[in-house]
Amino acid sequence: MSDGMIFKCPCCGGFLEFDPQQQKFKCYYCGQVLDEEELREQSEQREAAAEEQQSAETADDQQEHLRSYRCQMCGAEIVTDDTTAATRCYFCHSPVVLHDRLDDEFRPDGVIPFQMDKATAEKQFMEYISRKKFVDRSFFNGAQLEMFSGVYYPWWYTDIEGEAEFEGEGTRTSVRSTPTHIITTTSVFRVHREGRLNFRLLARKALLKADGKLSDGIHPYDASQIQPYASGFLSGFLAERRDVSEASAKEETVAEAKTYAAQLMKQNHSFNSLSGETKFKPINVKSRYVLLPAWVLTYKGGKDGAPYYYMMNGQTGKVCGKLPIDKKRLLATALGIGLAVFLILCGGGAFIW
Ligand SMILES: [Zn+2]
Ligand SMILES: [Zn+2]
């Protein structure tokens, strides 16, 4: 069994967590606040110690500690999923980072730290629900929040530069009338277009089990706020590690870029119709593995206490999920104004608000 990493307060020995309000490391026992430099220093020290322990263990131990960790605060065993990289001890509630899940090839290139604490996120979510029209009144109730956790999810951000070549046929048609005839002239052109295309920050989820609709729906994130990874940012939150390889992320993103290239190469032309084929050759493909913050929540708001699932962007507060529509209220308004189109799409377009 290997030790989970716990970040300890230099003053009182309590545990340190990343505090989104101050964007600093904070001790929840004595209130001590440490700056980012110290967060990075502690991260490096803890990671080095964890790696030393790992290399000292035998291959059998290594197999075993893929599954089990020991809490450094209370000694309890911490059992997790294969992709869990940060969690809390079930017994003493200490925040634990499982370093061996995020080392070597699994070490993230960057992280966007959480921007709001849990209380603020909860408040924003309740405000968001109460602002929505046509939602069942009995749905508003903070007590029905079942679960509300901050999770860092793994994503691939890929930049692609490539050359696109379009080969096809364009037509121009003109119509002219004489006293006896209407003359339609159609000219057919062979069209060749080429150009260099740059796609930046194409995002793909790097964890297969993550809910695609919800997690796509809370994008975009402001990638200019990506910081170099340090394990300390994870302390106090849950984190998942990726199970999608860089190669497959690149392959899928290149395929996605090809469809964009085909659309772009057919835009802005002076023909009445244009058809043909686009070839896209990627020249430079760069991927970055980043952890992005999301609040994941379950709300028991249905008539029989049925659960509703939501995700909230941990950077911007954008929410994605499905709200129960009160059909009577919707109908009443629709009759009044003679319009019943209230389908607002979220992110990928799969959710009706
Ligand atoms: Zn302390
Ligand atoms: Zn513990």
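Data block above holds the structure.
Below you will find a few notes about this structure. (Residues numbered from 1 in each chain as written. Chains lettered and ligands numbered in written order. Predicted model: local features only at pLDDT ≥ 70, side-chain atom pairs only at ≥ 80, totals over all residues. Heavy atoms only, no water.)

1. A word on the layout of surface pockets
- A volume near 440 Å³ is recorded for the largest pocket.
- As for the largest pocket, its lining consists of 19 residues, and the residues nearest its centre are Arg88, Lys118, Phe148, Gly150 and Gly236.
- When grouped by side-chain class, the residues that make up the lining of the largest pocket number nine nonpolar, five polar and five charged.
- Shared between two domains, the lining of the largest pocket takes at least three residues from each, and those domains are domain 1 (2-107) and domain 2 (118-160 + 199-241 + 284-352). (1 Å grid on protein atoms, 1.4 Å probe; cavity = no way out; pocket = protein on both sides within 12 Å on 5 of 7 lines; lining within 4 Å. Points joined across faces, edges and corners; volume = space filled by probe spheres on them. Nonpolar A, V, L, I, M, F, W, Y, C, P; charged D, E, K, R; others polar. Domains from an automatic or database assignment.)

2. A closer look at the packing of aromatic side chains
- All chains considered together, the criterion is met by 16 aromatic pairs.
- With a centroid separation of 5.7 Å and 80° between ring planes, the pair formed by Tyr152 and Phe237 is classed as edge-to-face. Linking Tyr152 in strand β10 (residues 145-177) with Phe237 in the loop between β12 (227-228) and β13 (238-240), this pair joins segments that are 85 residues apart in sequence. Just as Tyr152 is buried, Phe237 falls in that class too.
- Ring centres 5.6 Å apart and planes at 50° place the aromatic pair Phe189 and Phe271 in the tilted group. Pair noted here: Phe189 is in strand β11 (residues 182-205) and Phe271 is in the loop between α5 (246-264) and β14 (273-300), with a separation of 82 residues, a long-range link.
- Residue class for Phe189 comes out partly exposed when judged on its relative accessible area of 32%.
- Each residue in the set Phe114, Phe148, Tyr152, Phe237 and Trp295 is aromatic and connected to the rest through ring pairs, giving one cluster.
- Directly above the aromatic system of Tyr28 lies the positively charged group of Lys26, at a separation of 5.1 Å from the ring centroid.
- Positioned over the ring face of Phe189 is Arg172, at 4.7 Å from the centre of the ring. (Phe/Tyr/Trp six-rings, centres within 6.5 Å; stacked < 30°, edge-to-face > 60°. Helix = DSSP H or I, 4+ residues; strand = E, 2+ residues; numbered from the N terminus. Buried < 20%, exposed > 50% of the residue type's maximum accessible area, 1.4 Å probe, protein only. Lys NZ or Arg CZ within 6 Å of the ring centre and 35° of its normal.)

3. Quick word on empty space enclosed by the protein
- The full count for this structure, using the stated rule, is two cavities of 30 Å³ or more.
- Lining the largest cavity are Ser2, Asp3, Ala50, Gln53, Gln54, Tyr69, Leu98, His99 and Asp100.
- Considering every element that reaches the lining of the largest cavity, the biggest residue donor is helix α1 (residues 36-56), with three residues.
- Tallied by class, the residues present in the lining of the largest cavity amount to three nonpolar, four polar and two charged.
- There is about 40 Å³ of room inside the second largest cavity.
- Around the second largest cavity, the lining residues are Tyr153, Trp155, Ser215, Ile218, His219, Tyr221, Leu292, Ala294 and Met311.
- Of all the secondary-structure elements, those providing two or more residues to the lining of the second largest cavity are β10 and β14.
- The class makeup of the residues in the lining of the second largest cavity is seven nonpolar, two polar and no charged.

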